[in-house]
Amino acid sequence: MPLYEGMGIDGLDNPDVVIDLTHKVWPQGNNSFSNTVHSFAEKLIELNVNVRTMVLESFGLEKYVEKHLNSAKNRFQLFKYKGLDDNTDEYIGIDSHIDRHFLTILCQNDVVDGLEIKTKDGEDWIKAKPSQDSSFLVLVGASLHVLLNGMVHPPLHHVVITGEKDRYVAGLFLRPIEGLIINAPEEIVDDEHPRLYKPFNFEDYFTFAYVDTTKRDLSALKAYCTL
Ligand SMILES: O=C(O)CCC(=O)C(=O)O
Ligand SMILES: [Fe+2]
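Residues numbered from 1 in each chain as written. Chains lettered and ligands numbered in written order. Predicted model: local features only at pLDDT ≥ 70, side-chain atom pairs only at ≥ 80, totals over all residues. Heavy atoms only, no water.

Caption draft 1: Summary view of the confidence of the model for the protein chain. Per-residue confidence for the protein chain averages 91 on the pLDDT scale, and 95% of its residues sit at or above 70. As scored by the predictor, the complex reaches a pTM of 0.93 and an ipTM of 0.98. (pLDDT = per-residue confidence, 0-100.)

So this is what it looks like as C-alpha cells:
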C-alpha cells in the first residue's frame, strides 16, 4: 500500500496554534518549523482573501465581500505522497473529487507533479503543472459554486503519483463556518440566470459525500441540491 500522509491545522491565523502543534511533534519545540509554517500560512491567508474578494467583486457583489470573508475558517494541510519504489506502479494518491468547501489553494513542490484536473467537457485529464516553486493552484469548491449560482466551476481533480520522488504539498482549505446556510445573493439571480440550488448547508453536504465516495462530483452535487 503506497504511503500517503497528511497533517491538518485549524485556525492558523493564530501563531499559538502552530506553536502548540509543533510541541506535539517535537516536545522540545522547533522554531524553524513553526516560523516557516506560520509565515507561509500568513501569505496563503492573504492570497485567499485577495482571491475571494476579487471573485465576488467580479460579479458585482462588493457589498457581500466582508460577510463572505467572515463566513469561512481556514485549515492548513501538509501532505506527503510517497514516491514509487521498485515494487510499486503508478498509483492514485487521491481519488477524483470536487472539493466541497469554498476554496483550495495548493502549493506542490516543484519537482513532482501529481495533481490532474479534468477538463470542463469531461474528456481529458490535464496535469496541473505550476512551473515554479512559487506558483499556487487555486481551486473552486462546491460551496463557492453554489454561492455564485453555478458561475464558477468546481473542477474534478485527482492525484497520480508516477515518479520516484516523494511529493509534498501544502494547502489552505477554506471551509464554511458551522451552521452557515449558503444561498446565491439576489443580485446574481434573474430570468436569464435562475436560481439553481436550494439553501445549502455545508456540513450536511459534506456528510452526504463523505459516506458515499461516488458522490464527490458535480452531477452528485446537482442531484443533491438542484431546485
Ligand atoms: O495533493 C494535492 O495536490 C491535492 C489534494 C486534494 O485534492 C485535496 O486534499 O482535496
Ligand atoms: Fe481536492
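Right, picking up where we left off after that structure.
Caption draft 2: The coordination of the iron ion (ligand 2), seen in detail. Around the iron ion (ligand 2), the protein contributes the donor atoms H97 (NE2), D99 (OD) and H157 (NE2), which lie 2.1 Å from the metal centre. Counting residues between consecutive donors of the iron ion (ligand 2) along the chain gives the motif H-x1-D-x57-H. Assessed through its relative accessible area of 6%, D99 is described here as buried. (Donors = N, O, S within 2.8 Å, 3.2 Å for Na, K, Ca; no water. Buried < 20%, exposed > 50% of the residue type's maximum accessible area, 1.4 Å probe, protein only.)

Caption draft 3: Just the environment of I188, in detail. Looking at the secondary structure, you find I188 in the loop between β10 (181-182) and β11 (200-201). With a relative accessible area of 6%, I188 lands in the buried category. The spatial distance from the C-alpha of I188 to the C-alpha of M151 is 9.3 Å, given a sequence separation of 37 residues. Excluding residues that lie within four positions of it along the chain, I188 makes contacts with F59, L61, L147, L148, N149, M151 and H193. (Helix = DSSP H or I, 4+ residues; strand = E, 2+ residues; numbered from the N terminus. Contact = heavy atoms within 4.5 Å.)

Caption draft 4: Spatial organisation of the site of ligand 1. The environment of ligand 1 is formed by F79, Y81, I94, H97, D99, L106, L115, H157, V159, R167, V169 and F173. Within the side chain of D99, an N or O atom sits 3.1 Å from an oxygen atom of ligand 1. Interatomic distance of 3.1 Å between a side-chain N/O atom of H157 and an oxygen atom of ligand 1. Contact with the protein chains hides 92% of the accessible area of ligand 1, taken as 300 Å² for the molecule alone. (Near = heavy atom within 4 Å. Polar contact = N/O pair within 3.5 Å; in protein donor to acceptor, adjacent residues only side chain to side chain. Areas by Shrake-Rupley, 256 points an atom, 1.4 Å probe, with all protein chains shown as cover.)

Caption draft 5: Representation of helix α5 (residues 202-211). Those residues of α5 that sit buried are F202, Y205 and A209. Angularly, the buried residues of α5 cover 70° about the axis, an arc narrow enough to put them on a single face. The exposed residues of α5 that point more than 90 degrees off its buried face are Y210 and V211. Sitting at the amino-terminal end of α5 is N201, which places a side-chain oxygen 3.1 Å from the backbone nitrogen of E203. (Arc of directions from axis to C-beta.)

Caption draft 6: Summary view of the sheet that holds strand β5 (residues 115-118). In space, the four strands of this open sheet follow the order β3-β8-β5-β6, with antiparallel pairing throughout. If you trace the sheet from one side to the other, it starts and ends with β3 (91-97) and β6 (125-127), each paired once. Here the average twist between neighbouring strands, direction ignored, is 25°. Looking at chain direction, β5 and β6 are connected through three bridges and run antiparallel. From the neighbouring strand, I117 faces β6, where its bridge partner is I126. (Pairing = 2+ DSSP bridges. Axes fitted to C-alpha atoms, helices over the stretch in contact; angles between N-to-C directions.)

Caption draft 7: Up close: the packing of helix α1 (residues 15-25) against helix α2 (residues 31-58). Two elements in contact, α1 and α2, have axes separated by 9 Å at closest approach and are oriented at 145°. Both α1 and α2 take part in a crossing whose hand is right-handed. Across the interface between the two elements, P15, V18, I19, L21 and T22 from α1 touch F33, S34, V37 and H38 from α2. Here the contact of α1 with α2 is composed, by residue class, of six nonpolar, three polar and no charged. (Left-handed = near helix turned anticlockwise from the far one by under 90°. Nonpolar A, V, L, I, M, F, W, Y, C, P; charged D, E, K, R; others polar.)

Caption draft 8: The packing of aromatic side chains, seen in detail. For the structure on display, the rule yields eleven aromatic pairs. Here the aromatic rings of F40 and F76 are separated by 6.2 Å at their centres, their planes lie at 70°, and the arrangement is edge-to-face. Here F40, found in helix α2, pairs with F76, found in strand β2 (residues 72-81); they are 36 residues apart in sequence, far enough to count as distant. Overall, the relative accessible area of 24% leaves F40 in the partly exposed class. With a centroid separation of 5.1 Å and an interplanar angle of 50°, the aromatic rings of F200 and Y205 are classed as tilted. Each member of the pair F200 and Y205 is classed as buried. One aromatic cluster is present, formed by F200, Y205, F208 and Y224 through successive ring pairs. Here the basic side chain of R100 rests over the ring of F206, its NZ or CZ set 4.1 Å away from the ring centre. Over the face of the ring belonging to F206 we find R175, whose NZ or CZ atom lies 5.3 Å from the ring centre. (Phe/Tyr/Trp six-rings, centres within 6.5 Å; stacked < 30°, edge-to-face > 60°. Lys NZ or Arg CZ within 6 Å of the ring centre and 35° of its normal.)

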